[in-house]
Amino acid sequence: MSIRRLPNSLINRIAAGEVVERPASALKELVENAIDAGSAQINIRLEQGGLDLIEVDDNGCGMTRDDMALALERHATSKLPDEAIEMVATLGFRGEALPSIASVAKLTIESRVAGEDGWTRIVNHGEVEADEPAAIPHGTKVRVEQLFAKVPARRKFLRTPRSEYAACVDVVRRLAMARPDIGFTLTHENRKAIAVQGGESGPDRVAALTNKELRANSVAVDLVREEVRLSGVAGLPTYNRGVADHQFLFVNGRPVKDRLLVGAVRGAYAEMLARDRHPIVALFIDMPPELVDVNVHPAKTEVRFREPAMIRGMIVSGLRRALDEGGFRAVQRPAESALANWQTEPQAPDPQTNIFTAQGPIAGRATVQSQAYPSAVQDNSSAFGALNPDELAPLMGRAEEAAEPVPEAVNHPLGIARGQVAKTYIVAEAEDGLVIVDQHAAHERLVLERMRKAVEGGTVASQALLMAEVVELDENACDRLEARTAELSEFGLELERFGPSAMLVRATPAMLGSGDVKGLITDLADELGAYDEALSLKERIDHVASTMACHGSVRAGRVLNVAEMNALLREMEITPHSGQCNHGRPTWVKLAHGDIEKLFGRK
């Protein structure tokens, strides 16, 4: 077969295969054009998820009759005044979108430049049907109808209207997030799905398009390095999702889905999230256009950085610095599902009954109550004559006798310890509510942060064991540990080979105390086998330190006195990331006064 030139109609359909994959792709191109036109308000209307209708109406600069005709030709654009494509500052620049869409759908363009007459042009699957004046307001309106109606091979590969609609919402959400100065509305089947006003701040726009709770459960990110600036919001590690669909990344105002950026976000949250959980972030990178190549993907959703290592480092350090400044913060309140599990005590059949004089089955309980709280019933202290203070304390709900004045909760964000529940949870009273702390999870994080700091300073103290302990392992595990003994000693752990299938432990990190030595060595051997042996332990410091911290923390089931509980709370308040454990779960939750009042029907 000889080589031949393809006709323009076929060229446009081939180009449409690259640019217009689905309704969301066409919508993205049209909204980007509206943004590049300097619009202050963009209104979008969809029918059947964009399969039947996509309409984008803006109040931008508009087009003249001649410009409109030229815009429907391939590779015609107003966004490249010269050949310096590396300096492009607009979202679109190739000039392929409109002719590609017009070749696979019915395209109607209405536009008017301020001070001139309006004009409309209709192209039905590549054929011009109308070209005439139109009485329209200033701006541009583009309608795309029956996408791929005459290309059944493409139409049958599209998903259901519901799936296509979800993809369209995601496109609009990302573009609206990138430009908080522009107002956006999205209407589907006469139902408004998105409505945001122009002139909002970045954090407000992000919260409006994701979840309003994000404002209270996020930290601000702001880092400048050379000519590059990183800004945005990052959700607390305890405010996460099961899928990574709430990670929004932008480069010079362009929404991108870049593996480098996604990997950097994951790395920044390492050891703060469980493996199956994902953070909520919206990050904006602003840099000179010559430092990034946006012309590497047909849909312009990927970019290539001139210095990718620097960008990755900025994201990791910027996020970690912001999360460090967040300190002990965690999700501010328990989930609604958790609050719903609280049980309301049923009311007595006769509210007039005096429980202290009742007869019958409840009389015994009334006696106990009158003994436990005599001042509320009668002025008689003789009921406690046979009880000493130690026996009385459990009845009164007191942990121990106060040896000094109780501190004021107002001075401490996590409050003052009032007791311990199930030998696992510390109950504290704060100025604005009730705080419940998981003692094991909290102390695990504190030990990890201490160890990180000590390793960075090269001052991890070790504690020699009175009698060296032999830990039996399989030979491969012993080989892995033996190869890293010099590095493990920097963590305060001193090991020696003791035969083919055993290790001798002579010292452990002092900050871990007297824990389960065998469990620690076994878990470390597993960690070493789980990642690349070519990496040093310092490059995997979080994995090793996290494993050690887990073995050195206060276990659930240990009774703490009030002084120990308050000491734990005070250290949490000054320790970064103490709001979540090493596995990403929250270490504390708070029941605000309003939540407590709701539980008792007072609000």
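The model shown is predicted, which means the values in this text are computed figures rather than measured ones.

Caption draft 1: Representation of the sheet that holds strand β10 (residues 228-235) in the model. In space, the five strands of this open sheet follow the order β9-β10-β15-β12-β13, with mixed pairing throughout. Two strands in the sheet have a free side with no partner beyond their single neighbour: β9 (218-225) and β13 (254-256). Direction aside, the axes of adjacent strands within the sheet are offset by 20 degrees on average. Where β9 meets β10, eight bridges bridge the pair, whose relative direction is antiparallel. Bridging across to β10, V224 finds its partner in R229. The strands touched by helix α6 (residues 161-178) within the sheet are β12 (247-251), β13 and β15 (281-286), with β12 carrying the most contacts at an inclination of about 55 degrees. This element, helix α9 (residues 308-325), spans β9, β10 and β15 of the sheet and lies at about 140 degrees to β9.

Caption draft 2: Just a negative patch on the surface, in detail. Taken together, the side chains of E469, D474, E475, D516, D523 and D526 present a region of like negative charge at the surface. Locating D474 in the fold gives a position in the loop between β21 (462-472) and α14 (475-483). Look at D474 and you get partly exposed, because its relative accessible area is 48%.

Caption draft 3: Fine view of the sheet that holds strand β2 (residues 53-58). Ordered by their spatial adjacency, eight strands build an open sheet running β5-β4-β3-β6-β2-β1-β7-β8, and the pairing between neighbours is mixed. Single-partner strands in this sheet number two, and they are β5 (127-134) and β8 (191-196). Across the sheet, the mean angle separating the axes of adjacent strands is 10 degrees when strand polarity is ignored. Bridging between strand β7 (residues 183-188) and β8 involves five bridges; their strand directions are antiparallel. Considered in β8, the bridge of T187 is made with K192.

Caption draft 4: View of unusual backbone geometry. In this structure, A422 is a non-glycine residue whose phi angle is positive, near 55 degrees. Following the sequence through the fold, A422 ends up in the loop between β18 (416-421) and β19 (425-430). A positive phi angle, near 55 degrees, is found at K423, a position not held by glycine. Structurally, K423 is set in the loop between β18 and β19.

Caption draft 5: How the structure looks around the pairing of β10. For β10, the buried fraction is high: seven of the eight residues fall into the buried class. Connecting β9 to the antiparallel partner β10 that follows it, the hairpin turn spans two residues, and E226 within it adopts a positive phi of roughly 55 degrees. Where β10 meets β15, six bridges bridge the pair, whose relative direction is antiparallel. Residue A234 lies in a different strand from β15, and its bridge partner there is V281.

Caption draft 6: Quick look at the packing of aromatic side chains. In the structure shown here, the tally under the stated rule is one aromatic pair. When the centroid spacing of 4.7 Å and the interplanar angle of 10 degrees are considered together, the rings of F250 and F284 count as stacked. Of the two residues, F250 is situated in strand β12 and F284 in strand β15; the sequence distance between them amounts to 34 residues.

Caption draft 7: Layout of the pattern of salt bridges. According to the stated counting rule, one finds 23 salt bridges in the structure shown. Here E145 makes a salt bridge to R143, at a shortest N to O gap of 3.3 Å. One continuous salt-bridge network, built from bridges that share partners, spans R45, E47, E55, R143 and E145.

The rules behind these values
Residues numbered from 1 in each chain as written. Predicted model: local features only at pLDDT ≥ 70, side-chain atom pairs only at ≥ 80, totals over all residues. Heavy atoms only, no water. Pairing = 2+ DSSP bridges. Helix = DSSP H or I, 4+ residues; strand = E, 2+ residues; numbered from the N terminus. Axes fitted to C-alpha atoms, helices over the stretch in contact; angles between N-to-C directions. Contact = heavy atoms within 4.5 Å. Patch = residues over 30% accessible without salt bridge, like charges linked within 9 Å, V, L, I, M, F, W, Y side chains within 5 Å. Areas by Shrake-Rupley, 256 points an atom, 1.4 Å probe, with all protein chains shown as cover. Salt bridge = Lys/Arg side-chain N within 4 Å of Asp/Glu carboxyl O. Lys, Arg positive; Asp, Glu negative; His and termini not counted. Charge placed at Lys NZ, Arg CZ, Asp CG, Glu CD. Buried < 20%, exposed > 50% of the residue type's maximum accessible area, 1.4 Å probe, protein only. Phe/Tyr/Trp six-rings, centres within 6.5 Å; stacked < 30°, edge-to-face > 60°.

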